[in-house]
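Structural description and commentary
One-letter residues, chain by chain:
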Amino acid sequence: RKEVEQDPGPFNVPEGATVAFNCTYSNSASQSFFWYRQDCRKEPKLLMSVYSSGNEDGRFTAQLNRASQYISLLIRDSKLSDSATYLCVVTTNTGGFKTIFGAGTRLFVKA
Amino acid sequence: DGGITQSPKYLFRKEGQNVTLSCEQNLNHDAMYWYRQDPGQGLRLIYYSQIVNDFQKGDIAEGYSVSREKKESFPLTVTSAQKNPTAFYLCASRSRHLDEQYFGPGTRLTVT
């Protein structure tokens, strides 16, 4: 089982749609959680951190469920510019600090 | 203007040649990382360094070497022993006070 697993995608949605990304992690001792965005042929960029209380940044909402070891990202009113790959990222500190990147889920938003 | 720089953006080499990719950061971050990304694939960790003069192998270190003589710099050498070196190489850094990593713009290496 992979340490961080994401929906394989790709997701194809029309502009204005709501799209949800899911991610599960295997290490219950994981300590920090993030969503990154990677545009085609570019570097990953931090989109937002994820907290148990949930956090929202404009059209983006991230949630963490520690009991289920599950992370989500919701994009509302999707725009063409949201087209990218979304990476789920988890850190652990058991036996040394480690950052684990999910394989990513590709999103295509169409006009 | 703080950030991570990688140079060059594109690099072309002949098979059998060693090549060194540059990574510099002025964020005063202690930890630095090198990743490789192949088309349509996720990130794979090559090497990382938590402090100056110390580094550890990642998941795919064979055929690569690094040095960390200065806090700001973490160059990666792709040696002729690397069987399939053509890829997108990403450098990242992290503050020891925070868990998130920040990436440079990457170097796209093509070996023919």
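Preceding block: the structure.
All values reported here derive from a predicted model rather than from experimental measurement.

It is worth spelling out the sheet that holds strand β1 (residues 4–7) of chain B at this point. Residue and element names in this part refer to chain B. Here four strands make up an open sheet; going across it, the order is β1-β3-β8-β7 and the pairing antiparallel. Of all strands in the sheet, those with a lone pairing partner are β1 and β7 (64–66), marking the two edges. Sheet twist, expressed as the mean angle between neighbouring strand axes with direction ignored, is 20°. Note that β7 and strand β8 (residues 76–78) share three bridges and pair antiparallel. Looking at β8, one finds that Y64 is bridged to V78.

Time to look at the side chain of B:S73. Residue and element names in this part refer to chain B. Along the polypeptide, S73 turns up in the loop between β7 and β8. The class for S73 is buried, based on a relative accessible area of 11%. If sequence neighbours within four positions are ignored, S73 has contacts with C23, E24, M32, S67 and R68.

So, about the interface of chain B and chain A. Of the residues lining the interface, 18 residues belong to chain B; the matching set on chain A comes to 15 residues. At the junction of chain B and chain A, the tally comes to zero salt bridges. Between the two partners, chain B and chain A, sit seven residue pairs in polar contact (both at pLDDT 80 or more). Residue composition of the side of chain B that touches chain A, grouped by class: nine nonpolar, five polar and four charged.

This part covers the sheet that holds strand β6 (residues 55–57) of chain A. All names here are of chain A. Here we have five strands laid out as an open sheet, ordered β1-β3-β8-β7-β6, and antiparallel in their pairing. Of all strands in the sheet, those with a lone pairing partner are β1 (4–6) and β6, marking the two edges. Adjacent strand axes in the sheet meet at a mean angle of 15° when their direction is disregarded. As judged from the three bridges shared by β1 and strand β3 (residues 19–25), these two strands associate in the antiparallel manner. Pairing of V4 across the sheet is with Y25, part of β3.

Rules and cut-offs
- Residues numbered from 1 in each chain as written.
- Chains lettered and ligands numbered in written order.
- Predicted model: local features only at pLDDT ≥ 70, side-chain atom pairs only at ≥ 80, totals over all residues.
- Heavy atoms only, no water.
- Pairing = 2+ DSSP bridges.
- Helix = DSSP H or I, 4+ residues; strand = E, 2+ residues; numbered from the N terminus.
- Axes fitted to C-alpha atoms, helices over the stretch in contact; angles between N-to-C directions.
- Buried < 20%, exposed > 50% of the residue type's maximum accessible area, 1.4 Å probe, protein only.
- Contact = heavy atoms within 4.5 Å.
- Salt bridge = Lys/Arg side-chain N within 4 Å of Asp/Glu carboxyl O.
- Polar contact = N/O pair within 3.5 Å; in protein donor to acceptor, adjacent residues only side chain to side chain.
- Nonpolar A, V, L, I, M, F, W, Y, C, P; charged D, E, K, R; others polar.

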